[in-house]
There are 6 protein chains.
Amino acid sequence: MTVGLIPGSFDPFHNGHLEVVERASRIFDEIVVAAIRNPQKSEPLFDLDQRREMIGESCAHLSNVRIVSIATLLVNVARDVNATSIVKGLRAVSDFESELQMAQMNRSLSGVETLFLPSSSHTSFIASRLLREVARYGGDVSSFVPEPVRRRLDEKFPRVTP
Amino acid sequence: MTVGLIPGSFDPFHNGHLEVVERASRIFDEIVVAAIRNPQKSEPLFDLDQRREMIGESCAHLSNVRIVSIATLLVNVARDVNATSIVKGLRAVSDFESELQMAQMNRSLSGVETLFLPSSSHTSFIASRLLREVARYGGDVSSFVPEPVRRRLDEKFPRVTP
Amino acid sequence: MTVGLIPGSFDPFHNGHLEVVERASRIFDEIVVAAIRNPQKSEPLFDLDQRREMIGESCAHLSNVRIVSIATLLVNVARDVNATSIVKGLRAVSDFESELQMAQMNRSLSGVETLFLPSSSHTSFIASRLLREVARYGGDVSSFVPEPVRRRLDEKFPRVTP
Amino acid sequence: MTVGLIPGSFDPFHNGHLEVVERASRIFDEIVVAAIRNPQKSEPLFDLDQRREMIGESCAHLSNVRIVSIATLLVNVARDVNATSIVKGLRAVSDFESELQMAQMNRSLSGVETLFLPSSSHTSFIASRLLREVARYGGDVSSFVPEPVRRRLDEKFPRVTP
Amino acid sequence: MTVGLIPGSFDPFHNGHLEVVERASRIFDEIVVAAIRNPQKSEPLFDLDQRREMIGESCAHLSNVRIVSIATLLVNVARDVNATSIVKGLRAVSDFESELQMAQMNRSLSGVETLFLPSSSHTSFIASRLLREVARYGGDVSSFVPEPVRRRLDEKFPRVTP
Amino acid sequence: MTVGLIPGSFDPFHNGHLEVVERASRIFDEIVVAAIRNPQKSEPLFDLDQRREMIGESCAHLSNVRIVSIATLLVNVARDVNATSIVKGLRAVSDFESELQMAQMNRSLSGVETLFLPSSSHTSFIASRLLREVARYGGDVSSFVPEPVRRRLDEKFPRVTP
């Protein structure tokens, strides 16, 4: 059985992330999406539990996908879930290099491979960092995130009527 | 009438920024320079008012340029000033990708286009981040910033005589 | 009056090119599209006259756009048509660097500036080089090129029914 | 059943290619390696048949891998072999962008996804272009290519004793 | 006499850094390694004194290398030690651009040149940022750092037995 | 004694190349500039002998520099001249990656290191490829090349009076 592990901050989970999960779920027998605590980003928009919940609701239509949240090394999770590969979406060249470093480091630490899925062109400009900024100012991000994420963003940041 | 909107942190405004404003002022009927509050950078060197003042003095010779400072979404400002295009300077490849993401996001949110003006080669290495560091240690940045900026930097960080 | 000069091989002209012309035509009073002979590519798919014709038909709906074909230095054309700026579409990081070199060289030779317009995300993967290859093998490129180009490609390379 | 299609010029097939095939063969049920005729490179070192033969001998230890050579559009082959995904190795940033364009074009033409496998660090500098040059001058490439390729290169370009 | 100055955060010093020092020590008559305080990174893993100590022990086998720690502008140190060149390791494309900006700024401020030494392929994925994260979670970094660094990391973050 | 080997096509040798030679001649005891035959570029502008001559005249003011022309593997030349390092100028990110591959390949073949010297900002846009094109059309390249190169270009391509 092949198991793909998709890690990320997912703060928030957006349509570009969802697309990667959907495509990977057609390649692997099972997909584990892992929301990770990023120790370098001090103030997340949503805490780990909220993120896991939102991802779960957004992926409810995918029967071979389950969600975990982690505060440990990714390679430990990979071993625990018997991951065949780590799977990452790739949006841009600047993503690629730091992802490549992490992929080679993870492989060196544990032998687990990393596979990259390129973003489709219509989601390649969606970035959590930009979404957080737009949402904070009351902008409309409903075309960039799944419905369960949009609802929580609307609760947190009431929309400004232009 | 064409209106170009040039946004940035401008902390501080330097000769590379000035050059972009000068060149854009020859292409557009009117230019609006917008100093923006960057919520991710917690401690700016100069506050928004000081930055607006310095940019204003540095651009005093350009009759079709006016300066605003903003703490809202850029696309809202673009709508308020009837901007024909957002205009950004491009120094390097690494600038390009995040700028491209922002350009596509802004276009998707509001329909406003972004135009890029490449830096001329002799200003391409000037970066506000490096200038802040050099000035903090008492280094001489007078050949990289307009006179009104140099004066304020000298007040803030007395020059160290080597 | 502002005049934008849009140079390119345009072999063939595709929807990504058309989009750049359309957007530039809203910023500049007049647009000149210049099909250039690339001395380094020995066997073009279409000759310069055919390319000029195809671009003309594809841009017929844009009243302030005219087409020329050139076999001289771009900066000479820029001077002849009184171009305010050269305008180039930017698709990708790898485009950016050689474009930046050319922009700085052209500026150094003649003082003419270059402006960059980023591709919209849904055309960013369309490249003439890929289209030529797909068309040569009888693939269907009709969703990537304007109708006048599709017609000529179909004449040249009869479509293979899958 | 999952089928991975690995296309390339493979002129010559080297240890970096072999590593990608080996890793992909552990992720997919079946792997098809496709040696493609590149119409833009006029004089290949080895013809398509020789390349298919060399790849076959180099992958003889992998029971779920078969080799084809093609002179048609990749997406046609993908359909013919019922490929679940196209699989490409990624060595460097500069590879990434043109690969991403091709991936998006292929997806748009046929719906077939492309997966990327990053090179391991110790093969990332091996490039067929460099190997051809070294071999032509009689240099020793035996540590960069599988034995069946080394043998044929030695026949073609007798080694120069330093 | 030629003097090479190798600056860095070195938090922690790793095998990729050591390799650059070893190679530079064969090109220059004397090497000065300078551990710098990075004012933008608020909480270093090791303080400047600890870093200088670790680098010193790690380079004890190199007779023409000495270590300093600095909290001033790099160009001042370059002048104080009569550096012929600044020497930096280059791992990746994304390193290159910001390094190039700094090199041009330093040259403009003081006339001192910067030389780049590319990482060897087997150390190119080692990054202090990743090592800090792995060590914090009790992962094993012993194959990526010199023995004196490993010992101090083990004291700080007791290893987790898997 | 340290010996730096600077290889290149130098077709033609320009001010960016000259600057690298001048800077390297202050770091190394001796510099060897090697004009190489590029088997992939079929029609050079100047043949190898002409290039060696032009480089020699352009570097006549540098007493520790000598010029060779080669039609063999670079690593063989490096061994023959006892090179301590290969030295390359770096203009741009896109140069960097293929240079890095070559550096790692050369190191793997022969143990010889490669050092990179970044272009100064005012020569970073000068590229032989662009100069050949400008010169062919009778444009003025006199501010981009040394006098001995300008003279030969003028003989080959009579200047067009604008």
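Numbering of residues begins from 1 in every chain and follows the order in which that chain's sequence is written. Think of it this way: whatever chain is written first is A, whatever ligand is written first is 1, and the rest follow in order. Note on the predicted model: pLDDT of at least 70 is required for a residue's local features to be given, and 80 or more for side-chain atom pairs to be given and counted; whole-chain, interface and lining totals, by contrast, use all residues. No hydrogens and no water enter the side-chain calculation; it runs on all heavy atoms of the structure.

1. Regarding the overall build of chain A
Phase 1: Tallying secondary structure elements over chain A gives six helices and five strands in all.
Phase 2: Here a strand is any run of E in DSSP of at least two residues, a helix any run of H or I of at least four, and the numbering for each starts at the N terminus. Each helix (α) and strand (β) of chain A, taken in turn from the N terminus, gives the series β-α-β-α-β-α-β-α-β-α-α.
Phase 3: Taken over C-alpha atoms, the radius of gyration is set against a globule rule of 2.2 Å times the number of residues to the power 0.38. What you see for chain A is a C-alpha radius of gyration of 16 Å, in line with the 15 Å of a compact globule of 162 residues.
Phase 4: For chain A, the spread of C-alpha atoms along the principal axes amounts to about 50 × 30 × 30 Å.
Phase 5: The buried label applies to any residue whose accessible area, calculated with a 1.4 Å probe on protein chains only, is under 20% of its type's maximum; exposed applies above 50%, and partly exposed to all values in between. Relative to its full complement of 162 residues, chain A shows a buried share of 61%.
Phase 6: Partitioning the intrachain contacts of chain A with sequence separation of at least 6 by distance along the chain shows that 75% fall at a separation of at least 24.
Phase 7: With an accessible surface of roughly 6500 Å², chain A has 47% of that area assigned to carbon and sulfur atoms.
Phase 8: By the counting scheme adopted, Arg and Lys are positive, Glu and Asp are negative, and His together with the chain ends is not counted. Every charge is mapped onto a representative atom, which is NZ of Lys, CZ of Arg, CG of Asp or CD of Glu. Within chain A, one finds 19 positive and 20 negative side-chain charges whose respective centroids are separated by 2 Å. Working rule for contacts: check all heavy atoms of both residues, and any pair within 4.5 Å makes them a contact. The Shrake-Rupley method, run with a 1.4 Å probe sphere, supplies the accessible areas, and residue values consider only the shown protein chains as cover.

2. Some words on the relation of the copies chain B and chain C
Phase 1: Residues reaching a pLDDT of at least 70 in both copies supply the C-alpha atoms on which the copies are superposed by least squares. Structural alignment of chain B on chain C gives an RMSD of 0.0 Å, achieved by rotating through 180° and translating 0.0 Å along the axis. Such a combination of rotation and displacement between the chain copies is what one expects of a two-fold axis. In terms of proximity to the rotation axis, the leading residue of chain B is B:Phe116, whose C-alpha is 2.4 Å off the axis.
Phase 2: Comparing contact sets, 100% of the residues at the interface of chain B also lie at the interface in chain C, consistent with an isologous, same-surface contact.

3. A word on the interface of chain F and chain C
Where interface size is quoted, it is often the accessible area lost as the parts come together.
Phase 1: The interface is formed by 17 residues belonging to chain F together with 15 residues belonging to chain C.
Phase 2: For the pair chain F and chain C, the summed buried surface comes to about 1500 Å²; carbon and sulfur atoms form 63% of the total.
Phase 3: For the chain F face of the interface with chain C, the top three residues by lost area are F:Phe125, F:Leu130 and F:Tyr137, together amounting to 43%.
Phase 4: Any pair of nitrogen or oxygen atoms within 3.5 Å is treated as a polar contact; in protein, a donor-acceptor pairing is required on top of that, and neighbouring residues in sequence qualify only through side-chain atoms on both sides. The tally of links between chain F and chain C comes to zero residue pairs in polar contact (both at pLDDT 80 or more). Accessible area that two parts lose when put together, evaluated with a 1.4 Å probe and summed over both, is termed the buried area.

4. Here's the deal with unusual backbone geometry
Phase 1: Note that the residue after B:Asp11, namely B:Pro12, is joined by a cis bond; omega there is 5°.
Phase 2: Residue placement: B:Pro12 occurs in the loop between strand 1 (3-8) and helix 1 (15-27).
Phase 3: Unusually for a residue other than glycine, C:Asn82 sits at a positive phi of about 55°.
Phase 4: Along the polypeptide, C:Asn82 turns up in the loop between helix 3 (74-80) and strand 4 (85-90).
Phase 5: Overall, the relative accessible area of 59% leaves C:Asn82 in the exposed class.

5. So, the side chain of D:His14
All names here are of chain D.
Phase 1: Here His14 shows up in the loop between strand 1 (3-8) and helix 1 (15-27).
Phase 2: Polar contacts involving the side chain of His14 include one to the main-chain carbonyl oxygen of Ile126, which spans 3.4 Å.
Phase 3: Excluding residues within four positions of it along the chain, His14 makes contact with Arg91, Ile126, Ala127, Ser128, Leu131, Phe144, Val145 and Pro146.

6. Description of the relation of the copies chain F and chain C
Phase 1: The operation relating chain F to chain C is a screw motion whose rotation component is 120°, with 0.0 Å of axial translation and a residual RMSD of 0.0 Å. Taken together, the rotation and translation describe the operation of a three-fold axis.

7. So, the packing of helix 2 (residues 48-58) of chain F against helix 6 (residues 147-156) of chain F
Residues and elements named next belong to chain F.
Phase 1: The contact between helix 2 and helix 6 brings their axes to 8 Å, and the two run at 140°. If you check the angle between helix 2 and helix 6, you find them oblique. Between helix 2 and helix 6, the residues in contact are Glu53, Met54, Glu57 and Ser58 and Pro148, Val149, Arg151 and Arg152, respectively.
Phase 2: Residues are grouped as follows: nonpolar covers Ala, Val, Leu, Ile, Met, Phe, Trp, Tyr, Cys and Pro; charged covers Asp, Glu, Lys and Arg; every other residue, Gly included, is treated as polar. Here the contact of helix 2 with helix 6 is built from residues that sort into three nonpolar, one polar and four charged. To obtain an axis, a line is fitted to C-alpha atoms, over the contacting stretch when the element is a helix, and the angle between two such axes runs from 0 to 180 degrees between their N-to-C directions. For classification purposes, an angle smaller than 35 degrees is called roughly parallel, one larger than 145 roughly antiparallel, one from 65 to 115 roughly perpendicular, and anything else oblique.

8. Thoughts on the interface of chain B and chain C
Phase 1: Between chain B and chain C, the contact holds 27 residues from the first and 27 residues from the second.
Phase 2: Salt bridges are counted wherever a side-chain nitrogen of Lys or Arg sits within 4 Å of a carboxyl oxygen of Asp or Glu. If you look at where chain B meets chain C, you find six salt bridges.
Phase 3: A salt bridge links B:Arg23 to C:Glu113, with the nearest nitrogen and oxygen atoms 2.6 Å apart.
Phase 4: Linking chain B with chain C are seven residue pairs in polar contact (both at pLDDT 80 or more).
Phase 5: Looking at the side of chain B that touches chain C, the elements with two or more residues in it are helix 1, strand 4 (85-90), helix 4 (93-110) and strand 5 (113-118) of chain B.

9. Digging into the environment of D:Ala78
Residues and elements named next belong to chain D.
Phase 1: With respect to the element layout, Ala78 can be found in helix 3 (residues 74-80).
Phase 2: The sequence separation of Ala78 and Glu147 amounts to 69 residues, and the corresponding C-alpha distance is 29 Å.
Phase 3: When neighbours within four sequence positions are excluded, Ala78 is seen to be in contact with Leu5, Ala83 and Val112.

10. Remarks on the pattern of salt bridges
Phase 1: For the structure on display, the rule yields 84 salt bridges over all chains.
Phase 2: A:Asp80 is the partner of A:Arg79 in a salt bridge, and the nearest nitrogen-oxygen pair spans 3.7 Å.
Phase 3: F:Arg151 is the salt-bridge partner of F:Glu57, the closest N and O atoms lying 3.2 Å from each other. Of the two residues, F:Glu57 is situated in helix 2 and F:Arg151 in helix 6; the sequence distance between them amounts to 94 residues.
Phase 4: By relative accessible area, F:Glu57 is classed as partly exposed at 34%.
Phase 5: Taking the relative accessible area as the measure of exposure, F:Arg151 reaches 35% and is therefore partly exposed.

11. What to know about the confidence of the model for chain A
Phase 1: Each residue carries a pLDDT score, the predictor's confidence in it, ranging from 0 to 100. Looking at chain A, pLDDT values average 90 and 94% of them are 70 or higher.
Phase 2: As scored by the predictor, the complex reaches a pTM of 0.90 and an ipTM of 0.85.

12. Structural notes on the environment of B:Tyr137
Residues and elements named next belong to chain B.
Phase 1: By the secondary structure assignment, Tyr137 is in the loop between helix 5 (128-136) and helix 6 (147-156).
Phase 2: On the basis of relative accessibility, which here comes to 23%, the residue Tyr137 falls in the partly exposed class.
Phase 3: Separated by 13 residues in the primary sequence, Tyr137 and Ser124 place their C-alpha atoms 22 Å from one another.

13. Some words on the environment of C:Phe96
Phase 1: Topologically, C:Phe96 is positioned in helix 4 (residues 93-110).
Phase 2: For C:Phe96 and C:Ser143, which are 47 residues apart along the polypeptide, the C-alpha to C-alpha distance reads 26 Å.

14. Side note on the pairing of strand 4 (residues 85-90) of chain D
All names here are of chain D.
Phase 1: Taken across its six residues, strand 4 has five buried, putting it largely inside the fold.
Phase 2: Pairing of strand 1 with strand 4, which is carried by two bridges, proceeds in the parallel orientation. Bridge pairing in strand 4 links Gly4 to Ser85.
Phase 3: Only strands that DSSP links by at least two bridges are regarded as paired with each other. In the sheet, strand 4 pairs with strand 5 (residues 113-118) via six bridges, with the strands oriented parallel. Bridging from a neighbouring strand, Leu90 pairs with Pro118 of strand 5.

15. Things to note about the pairing of strand 2 (residues 30-36) of chain B
Residues and elements named next belong to chain B.
Phase 1: When you tally the buried positions in strand 2, you get six out of seven residues, the bulk of the element.
Phase 2: Here strand 1 runs beside strand 2; their pairing, made up of six bridges, is parallel. What sits directly across from Gly4, in strand 2, is Ile31.
Phase 3: The handedness rule is simple: strands pointing away from the viewer, and a clockwise path from the first strand over the helix to the second, make the crossover right-handed. Tracing the backbone out of strand 1, into helix 1 and back to the parallel element strand 2 gives a crossover that is right-handed.
Phase 4: In terms of strand pairing, strand 2 meets strand 3 (residues 65-70) through six bridges, oriented parallel. Residue pairing in the sheet places Ile31 in a bridge with Val65 of strand 3.

16. Looking at helix 5 (residues 128-136) of chain D
Phase 1: Inspection of helix 5 of chain D places D:Ser128, D:Leu130, D:Leu131, D:Arg132, D:Val134 and D:Ala135 among the buried residues, and these make up the whole buried set.
Phase 2: After helix 5 of chain D finishes, the residue D:Gly138 shows a positive phi value of roughly 80°.

17. Focus on helix 1 (residues 15-27) of chain E
All names here are of chain E.
Phase 1: In this model, helix 1 (13 residues) spans 19 Å end to end at C-alpha, consistent with the 18 Å of a helix rising 1.5 Å per residue.
Phase 2: Of all 13 residues in helix 1, ten are buried; the element is thus mostly enclosed.
Phase 3: Within helix 1 the residues assigned to the buried category are Gly16, His17, Leu18, Glu19, Val20, Val21, Arg23, Ala24, Ser25 and Ile27. Helices are assigned an expected span. That span is 1.5 Å times one less than the residue count.

18. Concerning the side chain of A:Ser128
Residue and element names in this part refer to chain A.
Phase 1: The residue Ser128 is located in helix 5 (residues 128-136) in this model.
Phase 2: Residue Ser128 is classed as buried on the basis of its relative accessible area, which comes to 14%.
Phase 3: Setting aside residues no more than four positions away along its own chain, Ser128 makes contact with Asp11, Pro12, His14 and His17.

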